Amino acid sequence: GLSAVLGIVRGHHGVIKVHSEENKGTSIKVLFPIAEESVIASEASTVAEVDKLDARGTILLVDDEESILAVGKMYLERLGFRVLTAVNGREGTDMFREHSQEIVCTILDLTMPVMDGEEAFREIRKLRDDVRIIISSGYNEQEITERFVGEGLAGFIQKPYRSRDLEVKLREVLGK
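Structure report, in brief. (Residues numbered from 1 in each chain as written. Predicted model: local features only at pLDDT ≥ 70, side-chain atom pairs only at ≥ 80, totals over all residues. Heavy atoms only, no water.)

Thoughts on the pattern of salt bridges
If you walk through the whole model with that rule in mind, you get 14 salt bridges. Of the charged contacts in the structure, one is a salt bridge between arginine 128 and aspartate 130, with a shortest N-O distance of 2.7 Å. As a salt-bridge pair, glutamate 172 and lysine 169 come within 3.1 Å of each other at their nearest N and O atoms. Here lysine 169 and glutamate 172 lie together in helix α7 (residues 163–174), a separation of three residues that amounts to about one turn. Under the relative-accessibility criterion, lysine 169 is labelled buried at 12%. (Salt bridge = Lys/Arg side-chain N within 4 Å of Asp/Glu carboxyl O. Helix = DSSP H or I, 4+ residues; strand = E, 2+ residues; numbered from the N terminus. Buried < 20%, exposed > 50% of the residue type's maximum accessible area, 1.4 Å probe, protein only.)

Describing the pairing of strand β4 (residues 82–86)
Sheet analysis places strand β3 (residues 58–62) next to β4, joined by five bridges and oriented parallel. Across the sheet, the residue bridging to valine 62 is alanine 86, located in β4. Of the crossover connections in this fold, the one passing from β3 over helix α3 (residues 66–79) to the parallel β4 is right-handed. (Pairing = 2+ DSSP bridges. Right-handed = clockwise from strand over helix to strand, strands pointing away.)

Here's the deal with α7
Taking 1.5 Å of rise per residue, the 12 residues of α7 would be expected to cover 16 Å, and the 16 Å separating its terminal C-alpha atoms lies within 8% of that figure. Ser163, Leu166, Glu167, Lys169, Leu170, Val173 and Leu174 are the residues of α7 that are buried. What you see down the axis of α7 is that its buried residues fit within an arc of 165°, all on one side. Of the residues trailing α7, glycine 175 is marked for its positive phi of about 65°. (Expected span 1.5 Å × (residues − 1). Arc of directions from axis to C-beta.)

Written as structure tokens, this is what we have:
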């Protein structure tokens, strides 16, 4: 868990400072750089640009965090995609099997219970080897993409992601 948190913090150019003293306890500080633009302004500009993406087809979003599923589904639907969701790799592969011909892209969390993203990736590729799969994780991109070298990984997106990040990644992966 802590390594995932560290990956997320580093992905946002932040640092974690830990200070611990015996019989006194531990303090943890998470420091992030000051944002250059307001998040609200950034999100508003994204909504204005939504119609530029040719969003056709269905995306399968697989993540064990309910908040990621809810927000990710909302982002994807705003872009114009139909969205299917699953809470673990096993459920995701079952859903992919059922809807394989309509799914244009799958976004898989790497760390999940029941079946992790790496195993789900391989199972889904066995079902349809041309499907575009994006791995989503709090770990850094280099570490993840090295795991999937030569296996047809379409892309990686660092969690937590914003709607604009997701739109840019889908443009790149789907060629739209």
